[in-house]
Amino acid sequence: MIYQGKQKIWSEYQKEIPDDHWFYVRSCIRQNFFPGAEVMFMKICRDLLGKDIYEAAHHTTCGGIAYHCDTIPQETVMTIVARQFALMTEAGYENYVASCITSFGNYIEILETWNEFPEVEAKVREMLWKACRREFNKPKYVAHASDLVYKFRNDIAARAKFRLVNRKTGEPLKVVEHIGCHYSKMFPSKGVGGAEYPYVLCGMIESWGGNVIDYPERRHCCGYGFRQYHVKANRGYSIANTHKKFESMEPYHPDMIITNCPGCPYFLDRWQYAISELEGKTYGENGYGIPVFTYEEVAGLVLGYDPWDLGLQLHQVAVEPLLDKIGIPYDPDEKYRGINHKDLLKPEIPGVLRCC
Amino acid sequence: MKENIVIIGGGIAGLEAAGQLIRLGYSPIIVEKQDHLGGHVAEWHCLFPDMTPASDVVSRLTENVSEANIFVNTEILFINHLKDSYNVMLSNGISIVTRIILFTTGFRLFDASKKEEYGYGVYDQVITNRDLEQWFSTGNDDRVNSRELNAVGFVHCVGSRDEKAGNGQCSKVCCITAVKQAIEMKQRFPEAQVYCFYMDLRMFGKKYEDFYISAQRDYGVRFIRGRVSEVSENIEGKVIVKAEDTLAGKPVKVTLDLLVLMAGIVCNPDCTKVASMIPLQMDSDGFLKSRDNIMDITGSSRSGIFYAGACTGAKTVPETLAEARSAALDIHNYITSSRI
Amino acid sequence: MMNFGFKIAPSATINLDNVDMEKFTLLHEMEPDVYKCMACGSCSATCPAGRFTGMSVRKVILDLQRGREKEAVRMLKGCMLCGKCSMVCPRGINTRHLILSVCRIYNEDKQ
């Protein structure tokens with residue numbers, strides 16, 4: 001691997017990311033899967049870095065899941081998105097940041113479509129007006145939330161209490177980065193680092209002390225693939241993709257996986273359990289799995305937030321071996337305690353995959 | 001016969017045209033940007049289909065131009081259009097007034113790193129057709145590990161017939177070059193598996209088909225019909241290639257010790273720059289536009305401006321030489337007819 | 001072990017690293033022309049058995065190089081050795097002789 005070769009490509013795919021004043025839209029599913037991730041993003045941007053990040057209570061789904069499952073026409077998705085832009089305009093913002101990768105891809109795709117076909121944009125403006133009497137300006141900048149954390153990665157590193165380093169050996173952790181397909185595969189120029197060798201997560205990992213692993217199936221889909229998973233008969237294809245990735249990364253003995261998509265961490269995490277049940281195989285050390293994180297969770301960990309406040313107890317793969325490796329303190333008794341010590345109840349321990 | 005003739009480009013087209021013009025009694029001036037003559041051919045090891053050493057071709061052509069004025073390491077700064085002639089200003093401070101300019105500006109090998117998915121410049125064991133020729137000549141290239149060379153792959157059409165790469169044209173010579181290089185690798189490493197990943201095999205030239213059959217029958221080179229989609233590197237530093245075996249209708253993958261990208265032929269950007277000084281028209285394929293693509297490939301739309309070789313599109317060595325002779329004759333006819 | 005109602009779907013990918021070419025190398029020694037096939041398909045188009053049994057010399061030659069020896073040998077069972085494929089092959093491959101050699105090499109262990 002020639003690192004300078006990648007640097008050359010990265011230098012060709014640098015996008016402009018404004019420093020402040022963002023209109024933030026959440027993901028449909030992330031708050032259920034990774035409840036601490038979006039909260040952490042807000043905390044980092046607002047409390048730690050003092051940025052102006054605005055959220056509107058009335059924002060909805062972007063329609064991306066339905067669009068990619070082919071259940072609603074594109075005009076409908078566009079009108080939903082136009083309404084989101086109207087909320088941004090009404091709040092007085094020009095920079096639009098999405099938490100979800102598919103939303104991000106959806107926004108970019110729609111803006112590019114309007115660029116190419118202004119008559120479609122005019123029609124959508126009319127439909128939005130008829131539907132809810134709203135008007136909108138197109139955002140000046142569209143970013144994914146990982147673009148912002150990438151931009152602030154060194155500010156985070158400067159305030160970090162922990163680094164992605166093995167406390168005992170002093171060696172950098174071996175980190176797999178996984179980018180959501182809709183981040184830059186459709187429009188390579190809209191992603192930091194492009195589509196073949198995206199830099200957005202690599203930059204965070206490098207800045208926070210880890211070593212990035214480039215394994216043969218790095219670019220491969222996590223296996224979610226919308227329709228592949230949503231139809232039960234197709235789930236064998238979904239898990240086969242995930243299985244392929246784990247088989248490919250196995251020889252590198254990764255310590256952890258970082259992702260920037262709502263679906264990827266979920267499937268890379270939960271399918272490890274399913275693979276262990278189907279094949280009797282696990283990919284971490286001593287029968288554990290390889291812990292999978294969102295980039296916000298990792299930012300929270302290096303900044304010293306309590307792992308249970310980050311919602312890491314909702315992961316299928318136990319995170320404790322990694323916390324021990326880095327030296328992050330945690331209280332095992334507090335793992336399944338919610339706000340005000342409410343008992344969240346302990347999940348059943350799987351038969352094959354070792355969990356804490 | 002004191003007519004100035006400026007030849008832009010000292011590759012094989014420029015050399016051959018100059019040699020012919022000298023034989024016709026003229027004293028042409030060759031302007032070459034690089035420090036050596038012979039262009040791309042000078043960087044090649046040997047040529048299909050008879051494995052002729054490329055250096056023999058270049059030295060024979062160079063011998064024929066010993067009487068010509070040759071400026072190497074020299075660029076064209078600008079060209080001014082005078083009433084019925086051109087003022088050519090060179091980077092060495094010399095300016096030439098001439099009625100006749102011959103473009104033998106050649107081509108540029110497609111920059112294989114633009115096909116990011118193939119990992120040229122990123123993965124250690126990925127090289128280009130030119131790199132391999134240089135390794136044949138010098139034996140020096142850290143990317144080629146002669147001690148462990150069990151599997152080699154060739155990717156055809158890198159930057160050719162590829163709209164996304166900005167070149168929709170067939171580069172014509174890469175198919176036969178891949179066959180030649182595959183045979184040469186088999187000669188050096190008889191036990192190695194050698195694969196060619198192709199979309200179509202275009203064996204149009206003299207004895208090319210024989211060469212291809214020999215690669216199959218005598219050397220056992222394995223041709224797989226399918227364009228490589230993605231290249232990656234495994235933990236041992238070997239390259240993994242993914243393609244579709246379109247004849248089997250199934251995806252195929254293979255681990256290789258060396259991957260050779262057959263970089264295609266695109267118009268030389270320096271040519272485009274100089275052409276814009278006159279200005280000359282570009283054709284829809286991105287190369288210089290001839291007056292007529294059938295009857296007058298060496299003629300331009302402007303009086304006194306001639307073309308030869310790959311500046312008007314991908315060409316083989318014999319085609320280029322034939323065009324250079326043709327252009328020399330056209331220039332001779334142009335001079336004699338205007339004298340009357 | 002849980003039953004989820006689905007399993008990890010098997011991959012359709014041909015991994016050339018795992019294809020044992022030993023027998024094919026032997027075949028190539030006996031029948032050097034086997035590598036001359038350019039997959040034009042005229043043998044299959046003219047084959048009287050092909051449209052009923054799936055027999056195709058083109059596919060046999062390909063399958064043998066892709067680790068699908070059983071499929072190839074099974075296909076050859078449909079061949080009646082009529083020789084029509086030898087007549088049409090533009091590369092002059094003696095397909096009839098090739099078929100017999102394939103049977104000799106690959107049938108030894110009764111696949």
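Here the structure is a predicted model, which means the values were calculated and not measured.

Caption draft 1: How the structure looks around the interface of chain B and chain C. Every contact between the two is made by 21 residues of chain B and, on the other side, 21 residues of chain C. With both sides pooled, the region where chain B packs onto chain C buries about 1900 Å², and carbon together with sulfur makes up 53% of that total. The three residues of chain B that bury the most area against chain C are B:Arg217, B:Arg222 and B:Leu247, which together make up 32% of that side's buried surface. Here chain B is connected to chain C by three salt bridges.

Caption draft 2: Representation of the layout of surface pockets in the model. Approximately 840 Å³ is the volume found for the second largest pocket. Looking at the lining of the second largest pocket, the elements with two or more residues in it are helix 13 (235-249) of chain A together with strand 16 (239-245) and strand 17 (250-256) of chain B. Across the lining of the second largest pocket, the residue classes tally to 13 nonpolar, ten polar and six charged.

Caption draft 3: Main features of the domain arrangement of chain B. Residue and element names in this part refer to chain B. Parsing chain B into structural domains produces domain 1 (5-106 + 268-339) and domain 2 (112-265). For domain 1 versus domain 2, the separation of C-alpha centres amounts to 31 Å. Taken together, the 16 residues of domain 1 in the interface contact 24 residues of domain 2. When the two sides are added together, the surface that domain 1 and domain 2 hide from each other amounts to roughly 1700 Å², 65% of it contributed by carbon and sulfur. When the buried surface of domain 1 facing domain 2 is broken down by residue, Trp44, His45 and Phe48 rank first, second and third, together holding 36% of it. Note that Glu319 and Lys172 form a salt bridge whose closest N and O atoms lie 3.0 Å from each other. Counting across the interface, domain 1 meets domain 2 through seven residue pairs in polar contact (both at pLDDT 80 or more). Residue classes in the side of domain 1 that touches domain 2 are distributed as eight nonpolar, three polar and five charged.

Caption draft 4: Focus on the pairing of strand 15 (residues 230-233) of chain B. Residue and element names in this part refer to chain B. Here strand 15 shows no split at all, with Glu230 and Ser232 on one side and Val231 and Glu233 on the other all buried. Strand direction decides the pairing type here: strand 15 and strand 16, joined by four bridges, are antiparallel. For Glu233, the partnering residue across the bridge sits in strand 16 and is Val239.

Caption draft 5: Inspection of helix 15 (residues 295-303) of chain A at higher detail. All names here are of chain A. Of all nine residues that make up helix 15, nine are buried, and the element is covered over most of its length. Within the span of helix 15, buried status applies to Tyr295, Glu296, Glu297, Val298, Ala299, Gly300, Leu301, Val302 and Leu303. Two residues or fewer past helix 15, Gly304 is found with a positive phi of approximately 95 degrees.

Caption draft 6: Geometry of the interface of chain A and chain C. Counting residues at the interface gives 16 residues for chain A, matched by eight residues for chain C. Between chain A and chain C the total buried area reaches about 1100 Å² when both faces are included, carbon and sulfur atoms providing 74% of it. Of all residues in chain A, A:Lys232, A:Glu277 and A:Leu278 give up the largest surface area on contact with chain C, accounting jointly for 43% of the area buried on that side. Linking chain A with chain C are zero salt bridges, by the criterion used here. Counting across the interface, chain A meets chain C through two residue pairs in polar contact (both at pLDDT 80 or more). Those elements that place two or more of their residues in the side of chain A that touches chain C are helix 13 and helix 14 (263-279) of chain A. Of all the elements, helix 14 of chain A adds the most residues to the side of chain A that touches chain C, at eight residues. The residue makeup of the side of chain A that touches chain C, split by class, is eight nonpolar, four polar and four charged.

Caption draft 7: Structural detail: helix 3 (residues 129-138) of chain B. All names here are of chain B. Residues of helix 3 that are buried include every one of Asn129, Asp131, Leu132, Glu133, Trp135 and Phe136, and no others. In this structure, the buried residues of helix 3 make contact with strand 3 (46-47), strand 10 (107-109), strand 11 (126-128), strand 12 (151-158), helix 4 (174-188) and strand 18 (258-263). One or two steps after helix 3, the chain reaches Gly139, where phi turns positive at roughly 75 degrees.

Caption draft 8: View of the packing of helix 4 (residues 57-65) of chain C against helix 5 (residues 69-76) of chain C. All names here are of chain C. Packing of helix 4 against helix 5 leaves a shortest axis separation of 8 Å and a crossing angle of 155 degrees. Between helix 4 and helix 5, the crossing angle belongs to the class labelled roughly antiparallel. Judged by the sense of rotation from one axis to the other, the crossing of helix 4 with helix 5 is left-handed. Counting all contacts with helix 4, which are made through Lys59, Val60, Asp63 and Leu64, the residues of helix 5 involved are Glu69, Glu71, Ala72, Met75 and Leu76. Counted by class, the contact of helix 4 with helix 5 contains five nonpolar, no polar and four charged residues.

Caption draft 9: Quick look at the domain arrangement of chain A. Residues and elements named next belong to chain A. Each assigned domain of chain A is listed here: domain 1 (17-145) and domain 2 (162-341). Each of domain 1 and domain 2 has a C-alpha centre, and the two are 26 Å apart. Contacts between the two partners involve 31 residues from domain 1 and, on the opposite side, 29 residues from domain 2. Taking both partners together, domain 1 and domain 2 bury about 2700 Å²; carbon and sulfur atoms supply 74% of that area. Three residues stand out in domain 1 for area buried against domain 2, namely Phe33, Phe34 and Ile101, and they jointly supply 24% of the buried area on that side. The interface formed by domain 1 and domain 2 holds two salt bridges in total. The interface formed by domain 1 and domain 2 includes three residue pairs in polar contact (both at pLDDT 80 or more). Contributions of two or more residues to the side of domain 1 that touches domain 2 are made by helix 2 (30-33), helix 3 (37-48), helix 4 (64-68) and helix 6 (101-116).

Caption draft 10: Structural view of the pattern of salt bridges. Residue and element names in this part refer to chain A. Throughout the structure, instances matching the rule amount to 51 salt bridges over all chains. For Glu12, the salt bridge goes to Lys8, with nearest N and O atoms at 4.0 Å. One end of the pair is Glu12 and the other is Lys8, both in helix 1 (residues 3-12) and four residues apart, which spans about a single turn. The class of Lys8 is partly exposed, set by a relative accessible area of 45%.

Reading the values: rules and limits
Residues numbered from 1 in each chain as written. Chains lettered and ligands numbered in written order. Predicted model: local features only at pLDDT ≥ 70, side-chain atom pairs only at ≥ 80, totals over all residues. Heavy atoms only, no water. Contact = heavy atoms within 4.5 Å. Buried area = accessible area lost by both parts, 1.4 Å probe. Salt bridge = Lys/Arg side-chain N within 4 Å of Asp/Glu carboxyl O. 1 Å grid on protein atoms, 1.4 Å probe; cavity = no way out; pocket = protein on both sides within 12 Å on 5 of 7 lines; lining within 4 Å. Points joined across faces, edges and corners; volume = space filled by probe spheres on them. Helix = DSSP H or I, 4+ residues; strand = E, 2+ residues; numbered from the N terminus. Nonpolar A, V, L, I, M, F, W, Y, C, P; charged D, E, K, R; others polar. Domains from an automatic or database assignment. Polar contact = N/O pair within 3.5 Å; in protein donor to acceptor, adjacent residues only side chain to side chain. Buried < 20%, exposed > 50% of the residue type's maximum accessible area, 1.4 Å probe, protein only. Pairing = 2+ DSSP bridges. Axes fitted to C-alpha atoms, helices over the stretch in contact; angles between N-to-C directions. Parallel < 35°, antiparallel > 145°, perpendicular 65-115°, else oblique. Left-handed = near helix turned anticlockwise from the far one by under 90°.

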